[in-house]
Amino acid sequence: MTTVKRSFCRLCAAYCPIEVTVDGGRAIAVRGNKRAPLYGGYTCPKGRALPALHANPRRLTHSLKRLPDGSRVPISSALAMKEIAAKLSSIIERHGPRSVALYIGNAVTLYPTTPMVAGALMGAIGSPMSFTAGTLDQPGIQIAGALHGIWLGGRTAIENADVALIVGGNPLISKQHFAQNPGRRITDSIAGGTKLIVIDPRRTETAARAHVHIQGRPGEDATILAGLLHLIFAANAVDDAFVDLNTEGIYLLREAVAPFTPAYVADRAGIDRNVLDEAALLLCNARTAAFASGTGSTMSMHGTLNCYLQLCIQSVRGFWAREGERFTRSRVTLPRFVPKAQPRGPFQAWGFDPQIRIRGLRNSVAGLPTGALAEEILTPGDGQIRALFCTGNPVKAFPDSALTQRALENLELLVTPTVELTDTAVLAHYVIATKMTLETPATTQFQEAVGIAHPGYGWEVPYAAYTPALLSPPAGADVIEDWQLFYRVAQEMGLQLSISAAIDATNASASQGDDIILDMAMEPSSEDLLAALLDRAVVKLAEIRKHPDGRVFGEAQEHVVPRDPDCSDRLQLADDTMIDELGDIIREDYSGLRRSQEVIFPLLLVPSRLNRTFNSMYRDVPGLASQPANPVRLHPSDLVRLKIFAGDVVEIRSPHGAVQAIAAEDDRLLPGVISLSHGFGPSPYEHAPASAGANVNRLLRIDDEFDRITGMPRMSAVPVAVCKVEHAETAA
Ligand SMILES: Nc1nc2c(c(=O)[nH]1)N[C@H]1C(S)=C(S)[C@@H](COP(=O)(O)OP(=O)(O)OC[C@H]3O[C@@H](n4cnc5c(=O)[nH]c(N)nc54)[C@H](O)[C@@H]3O)O[C@H]1N2
Ligand SMILES: Nc1nc2c(c(=O)[nH]1)N[C@H]1C(S)=C(S)[C@@H](COP(=O)(O)OP(=O)(O)OC[C@H]3O[C@@H](n4cnc5c(=O)[nH]c(N)nc54)[C@H](O)[C@@H]3O)O[C@H]1N2
Ligand code: SF4
Ligand SMILES: [Mo]
């Protein structure tokens, strides 16, 4: 019998409401749910491929154990839990709790309960070594927030903004920022009068809609943003009333951006001065603005400074939501938060325990430096990591794939819950076969929590949704939910779990308050767990469940209340480290550096996301209209100069390594810039440009150029050379 069931897609953070046609217990079609609010029935090709993903014949239906000879045999999940618990206990006994680490990758988007229960296991073991993908993503956002301070009244939604500024992000493809349905929101906002400014070396799908596209050289965002501040000061466009009451450091900031004259910025960033003037004029004339920062601006070094300068522009221009305005982060599934028209001053950004043993890197508000995880595994001595629970795909996701692979091979115990045999799973001692999204219930809570610290996630209205499990796993499969791995291992080890850290970790102000103590004798159901997590929510799970289309809970909408009369906090416009970094940039002999670099590595490599794929996930699912390989995109003028034709196999060489890819023409790029998406490629030692694509992380190092706090290595604006491969025998 065919039925249509409502759910939401969790393949990316947009969480689009969907209708799933189910026939004989199998999903056969997915379409956008037009009755759901906000999204207008939007889905992308990935969401519509959910039936193919669930029917993938290569899906894991049983957990696997790796034998000493490298072969894999099926193992029951119950026995796997016992063996993992025993090995873990032995490792902790010999090396202490710090030898056990957790890496949380993008499976958190799919299974929001995972980080909560995994974090609880780490807490019970007593290990502080929890890493996330966040410090290889946009750690600058949180750190800049701590250095600058936070406006407790929040931001303006794009629909109500005179100007929207997007730095190094492409929401039309990534659906990060201005989700839900960013394409429609951006179009509607522009129709309503919002002027869009995009800073991106590529005329992306988003930039193509911009009023002003600053197509600057990658890696020069700080230069451009400092140049915009310079012009705002020159135009006397400071919001004096806001600045006097709420900030400090304006004179130092003004001094620090003084050398970033339009002429200097235009030359250094390779842009037309008029374009910079036009963008500054829009910012100077705007009363309200919505800012968004993507991965492009945090991957090309100076990531924290880029985010900090964006905050400074917003504060100098008074672009924050004022008293009486609609609060764009009203809680639904979290405890109530009352937004106030006042700042929270700067707070400690880094230097928390645990100490990292590698390259002086630090634990920060953005979390432990994941760029140091491989070295924490490979470096002998006290504190060496011996066991890793891994919910992502480091072999594809971490810069320096070969080093990452070596590190994972060095572990005594690698456990990964997954649905496919990834490059990381191939190395795991235990691969735990898990349920897929349509087989598990979920709420929107985790995205709401993440959206507090990171404006690219979550909703700007009090929206929430719940989905039940729609499908049963395939007959005969032995699959568990991701969170059950962590719960059951704890049970086998006789540990008591209590959940607190996971939500707190995203932002102190999202704190759940009291810990949730899990019953370790009687395993809770996933539904019990979701309900417990919403125990102190503004709207309880029972109410959210009544709305299968999801709902905007208007009753939860907050408005910004007046400032406390005794509020003395101020936003910091001139943090020492940030001002010093601006000075370092000005002192750089950028033309000299470029001249010497251009001899051997004349092109700059930048990352980008593709609409049909999500990072390294689901690469070869039959029937999924997927993109098997990732072409390297070059500007037509570079193709001509290098005597390369679209379709040729080319070698991309960096100071660190070489990969092969298929060349494609892209006239949207700035000449001299090439673009290659990550998450593709064969094993770290092979080439298969046409079938598996190119693994860009073979071109990157973690210990050459990196952020001194977060360890975020240079992942964009990477100097490379490209040449045609004449005899591409290895091209598959
Ligand atoms: N060079 C370069 N490197 C990058 C980036 C870049 O732009 N350039 N981007 C960085 C960024 S922003 C991020 S967030 C990280 C991402 O880093 P990761 O999160 O480590 O990588 P993903 O490819 O997203 O891995 C997701 C994993 O989820 C698994 N998975 C898929 N479906 C399911 C499921 O239903 N259940 C379970 N349990 N698992 C599932 C997949 O098999 C895969 O192993 O990569 C970073 N690395
Ligand atoms: N379809 C799809 N959606 C995804 C993902 C996916 O793989 N596929 N991944 C998800 C993940 S993990 C994340 S973190 C988000 C990321 O979301 P976004 O940050 O929006 O990611 P991208 O679409 O890659 O956009 C990055 C942009 O930065 C530009 N850029 C590169 N270097 C620079 C620079 O130095 N300065 C400036 N100003 N721009 C630069 C690139 O040209 C590109 O257009 O997307 C998420 N959504
Ligand atoms: S944008 Fe695509 S992948 Fe993301 S939630 Fe929506 S349908 Fe799923
Ligand atoms: Mo990411």
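Residues numbered from 1 in each chain as written. Chains lettered and ligands numbered in written order. Predicted model: local features only at pLDDT ≥ 70, side-chain atom pairs only at ≥ 80, totals over all residues. Heavy atoms only, no water.

It is worth spelling out the layout of surface pockets at this point. Reported here for the second largest pocket is a volume of approximately 1100 Å³. Taken together, 42 residues line the second largest pocket, and the ones lying closest to its centre are Met301, His302, Glu588, Glu705 and Arg714. Counting only elements with at least two residues in the lining of the second largest pocket, the list comes to helix H9 (221-234), helix H24 (576-587), helix H25 (590-600) and strand E32 (718-724). Class assignment for the residues of the lining of the second largest pocket results in 18 nonpolar, 10 polar and 14 charged. (1 Å grid on protein atoms, 1.4 Å probe; cavity = no way out; pocket = protein on both sides within 12 Å on 5 of 7 lines; lining within 4 Å. Points joined across faces, edges and corners; volume = space filled by probe spheres on them. Helix = DSSP H or I, 4+ residues; strand = E, 2+ residues; numbered from the N terminus. Nonpolar A, V, L, I, M, F, W, Y, C, P; charged D, E, K, R; others polar.)

Here we come to the pairing of strand E19 (residues 430-433). Alternating positions in E19 separate into two faces, Tyr430 and Ile432 on one and Val431 and Ala433 on the other, with burial throughout. Note: strand E4 (residues 63-66) against E19, 2 bridges, orientation antiparallel. Looking at the pairing, Lys65 lines up with Tyr430 of E19. Both strand E18 (residues 413-418) and E19 contribute to a ladder of 4 bridges, which runs parallel. Note that in E19 the partner of Val415 across the bridge is Tyr430. (Buried < 20%, exposed > 50% of the residue type's maximum accessible area, 1.4 Å probe, protein only. Pairing = 2+ DSSP bridges.)

This paragraph deals with the sheet that holds E18. Strand order in this open sheet of 7 strands is E5-E4-E19-E18-E17-E6-E7, and the pairing throughout is mixed. The sheet terminates laterally at strand E5 (72-75) and strand E7 (130-132), the two strands that pair on one side only. Pairs of neighbouring strands in the sheet enclose a mean axial angle of 20°, with direction left out of account. Pairing of strand E6 (residues 100-104) with E7, which is carried by 3 bridges, proceeds in the parallel orientation. Residue pairing for E7: Leu102 is matched across the bridge by Ser130. (Axes fitted to C-alpha atoms, helices over the stretch in contact; angles between N-to-C directions.)

Positionally, Ser300 belongs in the loop between helix H14 (295-299) and helix H15 (303-316). On the basis of relative accessibility, which here comes to 2%, the residue Ser300 falls in the buried class. Here Gly296 takes part through its backbone oxygen, which lies 3.1 Å from a polar atom of the side chain of Ser300. When sequence neighbours within four positions are dropped, the list of residues in contact with Ser300 reads Gly219, Asp221, Arg714, Ser716 and Ala717. (Polar contact = N/O pair within 3.5 Å; in protein donor to acceptor, adjacent residues only side chain to side chain. Contact = heavy atoms within 4.5 Å.)

Taken together, 32 residues sit near ligand 2, with Asp200, Asp221, Thr295, Thr613 and Ser716 positioned nearest. Here an oxygen atom of ligand 2 sits 2.8 Å away from a polar atom, N or O, in the side chain of Ser300. Contact between ligand 2 and Leu610: a nitrogen atom at 2.8 Å from a main-chain N or O atom of the residue. Burial of ligand 2 by the protein chains amounts to 97% of its free accessible area of 920 Å². If you list the elements that add at least two residues to the shell around ligand 2, you get helix H7 (171-174) and H14. Residue composition of the shell around ligand 2, grouped by class: 8 nonpolar, 18 polar and 6 charged. (Near = heavy atom within 4 Å. Areas by Shrake-Rupley, 256 points an atom, 1.4 Å probe, with all protein chains shown as cover.)

What follows is about the pairing of E6. The element E6 is extensively covered by neighbouring structure, given that 5 of its 5 residues are classed as buried. Along E6, one buried face is formed by Val100, Leu102 and Ile104 and the opposite face, lined by Ala101 and Tyr103, is buried too.

Take the nonpolar core next. Counting residues in each nonpolar core, the largest one holds 67 residues, and the members touching the most others are Ile214, Ile224, Leu228, Leu229, Leu283 and Val316. The element best represented in this core is H9, accounting for 9 residues. Not counting residues up to four positions away in its chain, the partners in contact with Ile224 are Ile199, Ile214, Gly216, Val265, Ala269, Ile271 and Leu276. Core analysis: the second largest hydrophobic core is formed by 55 residues, Met81, Met493, Leu497 and Phe553 among them. (Core = buried A, V, L, I, M, F, W, Y, C linked by side-chain atoms within 4.5 Å.)

This next bit is on unusual backbone geometry. Here Ala179 and Gln180 are connected by a cis peptide whose omega angle stands at 15°. Within the fold, Gln180 resides in the loop between H7 and helix H8 (182-191). Residue Pro354 is reached from Asp353 by a cis peptide bond, and omega for that bond is -5°. One can find Pro354 in the loop between strand E15 (350-352) and strand E16 (363-364). At Tyr15, a position not held by glycine, the phi torsion is positive, near 55°. Of the residues examined, Tyr15 reaches a relative accessible area of 0% and is grouped as buried. At Arg359, a position not held by glycine, the phi torsion is positive, near 50°.

This part is about the site of ligand 3. As a matter of local geometry, ligand 3 sits amid Cys9, Leu11, Cys12, Tyr15, Cys16, Thr43, Cys44, Lys46, Gly47 and Lys175. Tallied by class, residues from the shell around ligand 3 come to 6 nonpolar, 2 polar and 2 charged.

Looking now at the sheet that holds strand E3 (residues 26-32). One open sheet holds the 3 strands; their spatial order is E1-E2-E3, and the pairing between them is antiparallel. The open sheet has two free edges, formed respectively by strand E1 (2-8) and E3, since each of these has just one partner strand. Put simply, the sheet's adjacent strands are angled 30° from each other on average, direction ignored. With 6 bridges joining them, strand E2 (residues 17-23) and E3 adopt antiparallel strand pairing. Paired with Glu19 across the strands is Arg31, a residue of E3.

Of all 9 residues in helix H19 (residues 445-453), 9 are buried; the element is thus mostly enclosed. Within H19, the full set of buried residues consists of Gln445, Phe446, Gln447, Glu448, Ala449, Val450, Gly451, Ile452 and Ala453.

With respect to the helices and strands, Gly351 occurs in strand E15. Placed 358 residues apart in sequence, Gly351 and Ile709 show a C-alpha to C-alpha distance of 8.8 Å. Apart from the residues lying within four places of it in its own chain, the contact partners of Gly351 are Arg362 and Asn363.

Interpretation in functional terms is not warranted from these geometric data alone.
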